[in-house]
Amino acid sequence: MNKKYDNFISGQWVAGAKYAPNISPSNINDVIGDYAQADAVQLDLAVQAAQASFPAWSTGNIQARADALDKIGTEILSRRDELGTLLAREEGKTRPEGIGEATRAGNIFKFFAGECLRLTGEIVPSVRSGISVEITREPMGVVGLITPWNFPIAIPAWKIAPALAYGNCVVFKPADLVPGCAWALAEIISRSGIPAGVFNLVMGRGSVIGDPLVNHPAINAISFTGSQSVGERIAQQCALQLKKVQLEMGGKNPQVILDDANLPRAVELSVQSAFFSSGQRCTASSRLIVSDGIYARFLDAMKQRMATLRIGDPLAAGIDIGPVASQAQLEQDLSYVQIGEAEGGVLVAGGQRLQCGTEGFYMAPALLTDTTMAMRINREEVFGPVASVIRVKGYEEALAEANNTPYGLSAGIATTSLKYAAHFKRHSQAGMVMVNLPTAGVDYHVPFGGRKGSSYGSREQGRYANEFFTIVKTAYVGD
Ligand code: NAD
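All figures in this text were calculated on a predicted structure; none of them were measured in a lab.

A. Up close: the nonpolar core. Core analysis: the biggest nonpolar cluster contains 85 residues, and Phe 109 and Ile 222 have the highest contact counts within it. Looking at which element gives the most residues to this core, the answer is helix α5 (residues 154-165), with 9 residues. Mapped onto the domain boundaries, this core takes at least three residues apiece from domain 1 (4-249 + 454-478) and domain 2 (253-435). With sequence-adjacent residues up to four places away left out, Ile 222 is seen in contact with Gly 144, Ile 146, Leu 213, Val 214, Ile 234, Cys 238, Lys 243, Lys 244, Val 245, Gln 246 and Phe 468. Ile 257, Val 267, Leu 299 and Ala 387 belong to the second-largest nonpolar core, a separate cluster that totals 23 residues.

B. Inspection of the side chain of Ser 273 at higher detail. Mapped onto the secondary structure, Ser 273 falls in helix α9 (residues 263-275). Residue class for Ser 273 comes out buried when judged on its relative accessible area of 0%. For Ser 273, the side chain forms a polar contact with the main-chain nitrogen of Thr 439, separated by 3.0 Å. With residues up to four places along the chain from it excluded, the contact list for Ser 273 reads Gln 255, Arg 281, Ala 284, Ser 285, Pro 438, Thr 439 and Ala 440.

C. Broad picture of empty space enclosed by the protein. Per the stated rule, a full pass over the model turns up 2 cavities of 30 Å³ or more. Volume-wise, the largest cavity comes out at about 100 Å³. Along the wall of the largest cavity there are 15 residues; nearest its centre are Gly 279, Arg 281, Ala 284, Ser 286 and Phe 383. Roughly 80 Å³ of internal volume is contained in the second largest cavity. As for the second largest cavity, its lining consists of 16 residues, of which Pro 254, Ala 402, Thr 405, Tyr 407 and Gly 408 are closest to the centre. At the level of secondary structure, the elements contributing two or more residues to the lining of the second largest cavity comprise β13 (253-257), α13 (395-403) and β20 (410-414). Within the lining of the second largest cavity, the residues separate by chemical class into 6 nonpolar, 7 polar and 3 charged.

D. Fine view of the sheet that holds strand β1 (residues 4-5). Strand order in the open sheet formed by 3 strands is β1-β5-β4, and the pairing between neighbours is mixed. Each edge of the sheet is formed by a strand with only one pairing partner; in this case those strands are β1 and β4 (18-23). Pairing of β1 with strand β5 (residues 31-37) involves 2 bridges; the strand directions are parallel. In the strand pairing of β5, Tyr 5 is matched with Tyr 35. Here helix α6 (residues 179-190) sits on the sheet in contact with β1, β4 and β5, set at roughly 70° to β5.

E. Representation of the site of the ligand in the model. In the vicinity of the ligand there are 28 residues, among which Thr 147, Ser 227, Met 249, Cys 282 and Glu 381 approach most closely. Contact between the ligand and Lys 173: an oxygen atom at 2.9 Å from a side-chain N or O atom of the residue. Within the complex, the protein chains bury 89% of what would otherwise be the 850 Å² of accessible surface of the ligand. Put simply, the ligand lies in the largest pocket. Among the elements of the structure, α7 (206-215), β11 (221-225) and α8 (228-240) are those that each provide at least two residues to the shell around the ligand. For the shell around the ligand, the per-class residue count stands at 14 nonpolar, 8 polar and 6 charged. Built from parts of two domains, the shell around the ligand gets at least three residues from each of domain 1 (4-249 + 454-478) and domain 2 (253-435).

F. Local environment of the domain arrangement of the chain. Partitioning the chain into structural domains gives domain 1 (4-249 + 454-478) and domain 2 (253-435). Between the C-alpha centres of domain 1 and domain 2 the distance comes to 31 Å. Contacts between domain 1 and domain 2 engage 24 residues on the former and 27 residues on the latter. Summing both sides of the interface, domain 1 and domain 2 together bury roughly 2,000 Å²; the carbon and sulfur share of this comes to 59%. Taken together, the elements giving at least two residues each to the side of domain 1 that touches domain 2 come down to α3 (80-91) and α4 (95-116). Considering every element that reaches the side of domain 1 that touches domain 2, the biggest residue donor is α3, with 4 residues. When grouped by side-chain class, the residues that make up the side of domain 1 that touches domain 2 number 7 nonpolar, 10 polar and 7 charged.

Here is what the cut-offs are and how they apply
Residues numbered from 1 in each chain as written. Predicted model: local features only at pLDDT ≥ 70, side-chain atom pairs only at ≥ 80, totals over all residues. Heavy atoms only, no water. Core = buried A, V, L, I, M, F, W, Y, C linked by side-chain atoms within 4.5 Å. Buried < 20%, exposed > 50% of the residue type's maximum accessible area, 1.4 Å probe, protein only. Helix = DSSP H or I, 4+ residues; strand = E, 2+ residues; numbered from the N terminus. Domains from an automatic or database assignment. Contact = heavy atoms within 4.5 Å. Polar contact = N/O pair within 3.5 Å; in protein donor to acceptor, adjacent residues only side chain to side chain. 1 Å grid on protein atoms, 1.4 Å probe; cavity = no way out; pocket = protein on both sides within 12 Å on 5 of 7 lines; lining within 4 Å. Points joined across faces, edges and corners; volume = space filled by probe spheres on them. Nonpolar A, V, L, I, M, F, W, Y, C, P; charged D, E, K, R; others polar. Pairing = 2+ DSSP bridges. Axes fitted to C-alpha atoms, helices over the stretch in contact; angles between N-to-C directions. Near = heavy atom within 4 Å. Areas by Shrake-Rupley, 256 points an atom, 1.4 Å probe, with all protein chains shown as cover. Sits in = over half its atoms within 2 Å of the grid points. Buried area = accessible area lost by both parts, 1.4 Å probe.

Following this line, the structure appears as structure tokens:
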């Protein structure tokens, strides 16, 4: 009998009408627990609870708010090993990566605890005599937070912490593939002193409760991270309701390698960007754009480095890459390798399913060469350990190919030239640019987000998060 984990609604743990097993991708015989599946009725109760709690929470004592967020951050940090292990078990990241993600989540709550005390406004003179103008920011109200499976604790943290810090009430719907970290986070929040109803957890499928959450009339804003197809649908639904929306979606991030790059460094950051966390980061680089003069040396060094990668049980020591997150993801990754080959790409490393002791979704990271930007392998998000190489004549062509994509989340360049680094920073059509660094790996206290098809609405994280979670009021005060 598996342990059952319930939804958290109005300060109570509430049984689901149904439960779904949470199965480890590294060993399908390892069931982490059975997690409640909310239905539309429970979702409505959660929204009502959040709505009822909003007046008191939004005008309540900011010291109490800061203390609660700080307490959540402290507990996450003190339990980072345990939470990181749970994360590795349910999502497939390696344990060190899981612990790193849990640490990030704890730090985010600490950062936003401070933000509770840094709320400011402006008082400006009026153009009319005897009047002053006050510009303040107020919370949006009840916000719906919808998260994907690939960062099961950090993405919930970077939506929940600012939402609460700026005075909103929350209905949180995690990805149905990874409810374990979401539940653990909700359990910590439930003991933080935050009043009943301010924070609610509803677990279940997007089609069953995500859709009614987006369309609930009492939800004032939706923050979503996930795929472009679901994001576009949510944007349309929010537009029809004139509802504020923030979307973080897919990527097809380029990593440019110029002739003058430091070769070992370029190889290491390419391997990091493309394959670590099984390539399942929205900021992962799946397009390696390599200039002629370094091409052969880069490819040789990449193949050598890839041969040393240790793939296996994410909970074991010394593993670089765990499984991919699900059977469906594995099938998608393997099928894109075939698509790339059918389009004329040459598979020079990996690309096959692996057996790693336990029955899990393991795959050897794949590298395809001889690819062009006309190919699907370079236009569509794979979201797995699959990278392709695009050969270019020099910097100008590299920049053009880097920007030749409907996405624009993150972009990297490996070069020792200040001129090219500076030009790339300015002309890359991505929200985040990395010079001699992997495309993935960002700080938690600065804005995060992309351009074009990768993002819609205002930025997440850091102080910029308040653009989404607050609304501006202008008050005129006469003498
Ligand atoms: P997904 O779009 O399938 O699901 C994301 C969330 O939306 C889940 O909670 C899901 O249950 C919910 N959902 C599904 N259908 C819905 C509907 N009709 N209405 C409301 N909610 C619905 O994405 P995923 O497979 O969980 O995550 C992978 C994707 O997330 C990739 O495309 C990746 O690039 C993207 N991602 C982006 C960022 C970023 O910040 N840009 C970060 C991480 C992941």
